[in-house]
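Here are the chains, one letter per residue:
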Number of protein chains: 6
Amino acid sequence: MEVALYPGSFDPITNGHLDIIERASKIFDRLIVAILVNAQKQTLFTVEERMDMIREVTRPHVEVDHFEGLLVDYARRRGVHTVVRGLRAVTDFEYEFQMALTNRQLNPEFESVFLMTSKEYAYLSATIVREVAQFGGAVDPFVPPYVARRLREKFQNRRKT
Amino acid sequence: MEVALYPGSFDPITNGHLDIIERASKIFDRLIVAILVNAQKQTLFTVEERMDMIREVTRPHVEVDHFEGLLVDYARRRGVHTVVRGLRAVTDFEYEFQMALTNRQLNPEFESVFLMTSKEYAYLSATIVREVAQFGGAVDPFVPPYVARRLREKFQNRRKT
Amino acid sequence: MEVALYPGSFDPITNGHLDIIERASKIFDRLIVAILVNAQKQTLFTVEERMDMIREVTRPHVEVDHFEGLLVDYARRRGVHTVVRGLRAVTDFEYEFQMALTNRQLNPEFESVFLMTSKEYAYLSATIVREVAQFGGAVDPFVPPYVARRLREKFQNRRKT
Amino acid sequence: MEVALYPGSFDPITNGHLDIIERASKIFDRLIVAILVNAQKQTLFTVEERMDMIREVTRPHVEVDHFEGLLVDYARRRGVHTVVRGLRAVTDFEYEFQMALTNRQLNPEFESVFLMTSKEYAYLSATIVREVAQFGGAVDPFVPPYVARRLREKFQNRRKT
Amino acid sequence: MEVALYPGSFDPITNGHLDIIERASKIFDRLIVAILVNAQKQTLFTVEERMDMIREVTRPHVEVDHFEGLLVDYARRRGVHTVVRGLRAVTDFEYEFQMALTNRQLNPEFESVFLMTSKEYAYLSATIVREVAQFGGAVDPFVPPYVARRLREKFQNRRKT
Amino acid sequence: MEVALYPGSFDPITNGHLDIIERASKIFDRLIVAILVNAQKQTLFTVEERMDMIREVTRPHVEVDHFEGLLVDYARRRGVHTVVRGLRAVTDFEYEFQMALTNRQLNPEFESVFLMTSKEYAYLSATIVREVAQFGGAVDPFVPPYVARRLREKFQNRRKT
């Protein structure tokens, strides 16, 4: 059974991420969506909130997890050799190449598989979604309804405090 | 009468910005130079200082304004549908595309028009200008004399404190 | 009255070209779609066929013309100072920059204005359309129905001969 | 059983192609290496020579085939939904995106999977190999020994005629 | 004494090439401008015409030569280990990298040194110069007076025949 | 005697930097590796630690220094006109161009020379090295043994505190 990891910040999960999850699910038997936790980087949502949102909007066969440290170490602990990455028109290819080659150097068994996002989400990023939500813009074309609601709540609470 | 917005940080306005303002003024009947105010981002000059410098170095028919929040919301309040952006050799095209498409998604009437900077300013940016000024380098080839003077004053005051 | 030129090969006109024509028509009072005729370059459709297709699928206020030689010379003859170019995700920016700067050098009054294609047509090109049509693929998502019919006829005649 | 297509010109097959075939073989149960035959494009080796070389240097579980026309049509005839493409530092991303999105438009079931070549072959291409071989340079670091021999024979015969 | 090769098509030599020759002359003791002769590629000027133009517009300490075949073989015959390449805003970096790495693979002693063209010539290419000259445009800002005259003669003779 | 500057952060020096130092040493008679000290930017190693590591892993003819402020001012004080920069597959060309052109504007005598890193280090950066070391990954393929030891010590001390 072919298992693959789909790592990322998912702050929050967008329709673009969901599109890649759908595509990867057709190629791999099982998919682990893994939130990379970086203690030094500030995020809008906590790890728990991000895991909750991913679980809410993906199907049961998708496992949701999180990890700290090097991706190759986490993959080794999970016994997985394949990582999935989404390519968009705004992908930072050089960064992706750098990470893929570094991971391959750290673990030669490690393989990176790139899938292409739907044209509809080619320019979408979680950063854009957060910016639009922060100023009360409508994020409905960019994220699932559940995530849109969580974004509205998050910024309403922020404004109150 | 065709009106266009030219948004940016203008921290400070450079000869490259002025070049785009000149070019846009030939195509559009009226131009609003609008400073995007981002409370979370630190700037060298205050909004007032930046507005003062733009007014000082542009012609009377150019209106100077500032706004917070989403560009599409500000444009709607002003009744403007067209935004002008400068393209340079160092333009981050992907970011420009991402913003233009997001704005179009938020308001389908919204159009982004890209003009090309003169070869002379193809590699100029406000960041470079600030870095050169900070270490006492000559910024005269990069900004109008009035802005060069304000930059010198700004860093002289900083050194005193 | 602000007039603009929209030059290209249009071999044949695609939905992406039409999208730019629509957008340019909102900014400029009059638009001249001008086929660049290059005797050394082989095309699928003759100039007459290409002009016929553009006329058929654009509105009456769009003028259709063709020219040989330098764009700046043609523009001077027509008394136009502004050229419109479409930006796509697959745009060859460097080539566009090179042409725009060369034209500006040849005629300093000349201005290039870049508009962004709809996300839907971000990866569309006339080359792709010709390749798909050549092998009998369905070109309906890429070109107007009239052009799709002409493409089918063209390749049917080719196969007969 | 997951089957994937690896299409290309393979004129001739290089160590970079072999590297992608190895990597794809770990992810997919079966791989079809399919030579795209384009009657209008001149090649160094005939289809038969190219098929022979691929067969000689790949393992038995790799099927070698060729096709004319649209990739999506060939894939449909073979009952395959997944195509493998190699990403190198010199990949023409925009072209790859354009093809992948066009194929998806022509057949929504169609998925493109991108794998990254080894660092060792990041700048290798069949064009470079042909150029080096043409002038009698040593192609041994770039292709398997069998292909190197066939290249030498090809250019020796050319010089004789 | 440090010698360097500056290879290219020089069809014809432009102000951009001359700018690189000037810059390279400050770093290296001697410079060989070497025309790469490719029998399969059609050029506007013959090798003799191109050598004549380069000699006419460069200083005496610049040697002008031509070669066929692989650059590394020619460099070895000349006893030179360093090649100079010009970087422009429109440089095809991937191609430059590919050639530099292939040359290094063919001869590990071989080093490629990249210099940056003046801003003034950042978008200039011999192709653009030929296109402008072909249609009778003024090439004076792009090439030395002697080359401008040769271009005018070339196209006048062509029109007569 | 031709002297060149090789400026950078070197936080820490990697095998990629060493590769460029080797290549530059063949072209220039003397090389000054100069650490750019930026008081506002946080680094992993102090200037003293970085100078110590560079001295430890380079040959005696390489001078190690550091400077604050503008590169052109430092170069003028040192009487040097040539700066060496490494090009990698992940190089930010636009930034390099911007810096090179700004430096040339500030001092027209100033020349930037770009050398290409070995394929082996095409995707290596000090940032990647710090990230791998931070999580206890093996950095031996990326830096000399002495630097690998200093990285391990640095992060062991950090964990204790």
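Novice: Is there a simple way to think about the overall build of chain A in this case?
Specialist: When its secondary structure is counted, chain A shows six helices and five strands. Going from N to C terminus, chain A has its helices and strands arranged as β-α-β-α-β-α-β-α-β-α-α. Over its C-alpha trace chain A gives a radius of gyration of 16 Å, about what one expects of a compact globule, namely 15 Å for 161 residues. Overall, chain A is about 50 × 35 × 35 Å in size when its C-alpha atoms are taken along their principal axes. Buried positions account for 61% of the 161 residues belonging to chain A. In chain A, the share of contacts with a sequence separation of at least 24, taken over all contacts with a separation of at least 6, comes to 77%. Accessible area of chain A: about 7,200 Å², with a carbon and sulfur share of 47%. The distance from the centre of the 22 positive side-chain charges to the centre of the 22 negative ones in chain A is 4 Å.

Novice: Just checking my understanding: could you explain the relation of the copies chain D and chain A for this structure?
Specialist: Between the two chain copies there is a screw-like relation: a rotation about an axis and a shift along it. For the pair chain D and chain A, the relating rotation is 180 degrees, the translation along its axis is 0.0 Å, and the fit reaches an RMSD of 0.0 Å. Taken together, the rotation and translation describe the operation of a two-fold axis. Across chain D, the rotation axis passes nearest the C-alpha of phenylalanine 114 of chain D, at a separation of 2.4 Å. Both copies share a contact surface, since 100% of the interface residues of chain D are interface residues in chain A too.

Novice: Just checking my understanding: could you explain the side chain of arginine 50 of chain A for this structure?
Specialist: For arginine 50 of chain A, the location among the structural elements is in helix 2 (residues 47–57). As a buried residue without a salt bridge, arginine 50 of chain A has its nearest oppositely charged side chain in aspartate 11 of chain A, at a separation of 4.3 Å.

Novice: Help me understand the nonpolar core in this model?
Specialist: The nonpolar side chains of a soluble globular protein tend to be buried with one another. Core analysis: the largest hydrophobic core is formed by 107 residues, its most contacted members being Leu151 of chain E together with Leu151 of chain F. Contacts of leucine 151 of chain E, omitting those with residues within four sequence positions, involve Pro12, Leu44, Phe45, Val129, Ala133, Val139 and Val143 of chain E. Membership of the second largest hydrophobic core comes to 106 residues, among which are Ile21 and Val129 of chain B, Phe110 of chain D together with Leu71 of chain F.

Novice: For this particular structure, what's the right way to read the pattern of salt bridges?
Specialist: When the charged atoms of two side chains with opposite charge come close together, those side chains can pair. Scanning the entire structure with this criterion turns up 84 salt bridges over all chains. Between arginine 76 of chain F and aspartate 73 of chain F there is a salt bridge, with the nearest N and O atoms lying 3.4 Å from each other. Taken together, the residues arginine 76 of chain F and aspartate 73 of chain F, both in helix 3 (residues 71–78) and three residues apart, mark about one turn of the helix. Members of the salt-bridge network, linked through shared partners, are Asp19 and Arg23 of chain A together with Arg104 and Glu111 of chain D.

Novice: Mind showing me how you'd approach the interface of chain D and chain A here?
Specialist: How big an interface is tends to be stated in terms of the accessible area lost upon association of its parts. Contacts between the two partners involve 24 residues from chain D, matched on the other side by 24 residues from chain A. Here chain D packs against chain A, burying approximately 2,200 Å² in sum over the two surfaces, 64% of which is carbon and sulfur. Ranking the residues of chain D by area buried against chain A places Ile27, Phe97 and Met116 of chain D at the top, with a combined share of 29%. Joining chain D to chain A, the criterion identifies two salt bridges. One can count nine residue pairs in polar contact (both at pLDDT 80 or more) joining chain D with chain A.

Novice: Explanation requested: the interface of chain C and chain B in the structure shown.
Specialist: At the junction of the two partners, chain C supplies 24 residues and chain B supplies 24 residues. With both chains or domains summed, chain C and chain B bury close to 2,200 Å², and 64% of this area falls on carbon and sulfur atoms. Sorting the residues of chain C by area buried against chain B places Ile27, Phe97 and Met116 of chain C first, and these three jointly supply 29% of that buried surface. Where chain C meets chain B, there are two salt bridges. Where chain C packs against chain B, one counts nine residue pairs in polar contact (both at pLDDT 80 or more). Taken together, the elements giving at least two residues each to the side of chain C that touches chain B come down to helix 1 (15–27), strand 4 (82–87), helix 4 (93–106) and strand 5 (111–116) of chain C. Taken together, the residues of the side of chain C that touches chain B sort by class into 12 nonpolar, five polar and seven charged. In this structure, strand 5 (residues 111–116) of chain B lies alongside strand 5 of chain C, joined through three bridges in antiparallel fashion. Counterpart to leucine 115 of chain B in the pairing with strand 5 of chain C is valine 113 of chain C.

Novice: It is not clear to me how a negative patch on the surface should be interpreted in this structure. Could you clarify?
Specialist: Together, Asp92 and Glu94 of chain A, Asp92 and Glu94 of chain B, Asp92 and Glu94 of chain C, Asp92 and Glu94 of chain D, Asp92 and Glu94 of chain E together with Asp92 and Glu94 of chain F make up a region of like negative charge exposed at the surface. For aspartate 92 of chain A, the position within the fold is in the loop between strand 4 (82–87) and helix 4 (93–106).

Novice: Just checking my understanding: could you explain the relation of the copies chain C and chain B for this structure?
Specialist: Mapping chain C onto chain B calls for a screw motion: a turn of 180 degrees about the axis and a shift of 0.0 Å along it, with 0.0 Å RMSD after fitting. Comparing interface residues between copies, 100% of those in chain C also lie at the interface in chain B; the contact surface is shared.

Novice: Help me out: how do you make sense of the environment of alanine 39 of chain B in this one?
Specialist: Here alanine 39 of chain B lies in the loop between strand 2 (30–36) and helix 2 (47–57). The spacing of alanine 39 of chain B and arginine 158 of chain B is 119 residues in sequence and 21 Å in space, taken between C-alpha atoms.

Novice: Which parts of the structure should I look at to understand the environment of leucine 31 of chain E?
Specialist: Along the polypeptide, leucine 31 of chain E turns up in strand 2 (residues 30–36). Spatially, the C-alpha atom of leucine 31 of chain E lies 5.9 Å from that of leucine 5 of chain E, the residues being 26 residues apart in sequence.

Novice: What should I look at first to understand the packing of aromatic side chains in this one?
Specialist: The geometry of an aromatic ring pair is captured by the separation of the ring centres together with the interplanar angle, meaning the angle of the planes. Taken as a whole and assessed by the stated rule, the structure comprises 18 aromatic pairs over all chains. Considering the side-chain rings of tyrosine 123 of chain D and phenylalanine 97 of chain E, the 5.9 Å spacing of their centres and the 65 degrees angle between planes classify their relative orientation as edge-to-face. Taken together, the positions of tyrosine 123 of chain D in the loop between strand 5 (111–116) and helix 5 (126–134) and phenylalanine 97 of chain E in helix 4 (residues 93–106) put the pair across two chains.

Novice: Could you clarify how one ought to interpret unusual backbone geometry in this entry?
Specialist: Residues apart from glycine generally show negative phi values, whereas peptide bonds are mostly found in trans. That bond from aspartate 11 of chain D to proline 12 of chain D is cis: its omega, 5 degrees, falls within 30 degrees of zero. The phi angle at phenylalanine 10 of chain C is positive, at roughly 50 degrees, despite the residue not being glycine. Assignment of secondary structure puts phenylalanine 10 of chain C in the loop between strand 1 (3–8) and helix 1. Taking the relative accessible area as the measure of exposure, phenylalanine 10 of chain C reaches 3% and is therefore buried.

Novice: Can you walk me through the pairing of strand 1 of chain C in this structure?
Specialist: Two faces make up the sheet, and in a regular strand the side chains alternate between them. Residue and element names in this part refer to chain C. Burial runs high along strand 1: six of the six residues are buried. Residue alternation in strand 1 divides its side chains into two sets, Val3, Leu5 and Pro7 and Ala4, Tyr6 and Gly8, and both sets are buried. Running through helix 1, the crossover from strand 1 to the neighbouring parallel element strand 2 (residues 30–36) is right-handed.

Novice: Sorry, what's going on with the side chain of serine 112 of chain C here?
Specialist: Tracing the backbone shows serine 112 of chain C in strand 5. The buried category is assigned to serine 112 of chain C, whose relative accessible area is 7%. Look past the residues within four positions of serine 112 of chain C in its chain and what remains in contact with it is Phe114, Leu115 and Met116 of chain B together with Val83 and Ala100 of chain C.

Novice: Where do I start with helix 1 (residues 15–27) of chain F in this structure?
Specialist: Note on helix geometry: an α-helix contains 3.6 residues per turn, so any two residues three or four positions apart are oriented the same way. Residue and element names in this part refer to chain F. With 13 residues, helix 1 ought to run about 18 Å at 1.5 Å a step, and its terminal C-alpha atoms sit 19 Å apart, in line with that. The element helix 1 is extensively covered by neighbouring structure, given that 10 of its 13 residues are classed as buried. Those residues of helix 1 that fall on the buried side of the exposure criterion are Asn15, Gly16, His17, Leu18, Asp19, Ile20, Ile21, Arg23, Ala24 and Ile27. By the N-cap criterion, in which a side-chain oxygen at the helix start approaches the backbone nitrogen of a residue two or three places on, helix 1 is capped by threonine 14, the distance to glycine 16 being 3.1 Å.

Novice: What exactly am I supposed to notice about the environment of glycine 136 of chain D here?
Specialist: Here glycine 136 of chain D shows up in the loop between helix 5 and helix 6 (145–160). Under the relative-accessibility criterion, glycine 136 of chain D is labelled exposed at 57%.

Thresholds applied
Residues numbered from 1 in each chain as written. Chains lettered and ligands numbered in written order. Predicted model: local features only at pLDDT ≥ 70, side-chain atom pairs only at ≥ 80, totals over all residues. Heavy atoms only, no water. Helix = DSSP H or I, 4+ residues; strand = E, 2+ residues; numbered from the N terminus. Rg over C-alpha atoms; globule rule 2.2 N^0.38 Å. Buried < 20%, exposed > 50% of the residue type's maximum accessible area, 1.4 Å probe, protein only. Contact = heavy atoms within 4.5 Å. Areas by Shrake-Rupley, 256 points an atom, 1.4 Å probe, with all protein chains shown as cover. Lys, Arg positive; Asp, Glu negative; His and termini not counted. Charge placed at Lys NZ, Arg CZ, Asp CG, Glu CD. Least-squares fit on C-alpha atoms with pLDDT ≥ 70 in both. Salt bridge = Lys/Arg side-chain N within 4 Å of Asp/Glu carboxyl O. Core = buried A, V, L, I, M, F, W, Y, C linked by side-chain atoms within 4.5 Å. Buried area = accessible area lost by both parts, 1.4 Å probe. Polar contact = N/O pair within 3.5 Å; in protein donor to acceptor, adjacent residues only side chain to side chain. Nonpolar A, V, L, I, M, F, W, Y, C, P; charged D, E, K, R; others polar. Pairing = 2+ DSSP bridges. Patch = residues over 30% accessible without salt bridge, like charges linked within 9 Å, V, L, I, M, F, W, Y side chains within 5 Å. Phe/Tyr/Trp six-rings, centres within 6.5 Å; stacked < 30°, edge-to-face > 60°. Right-handed = clockwise from strand over helix to strand, strands pointing away. Expected span 1.5 Å × (residues − 1).

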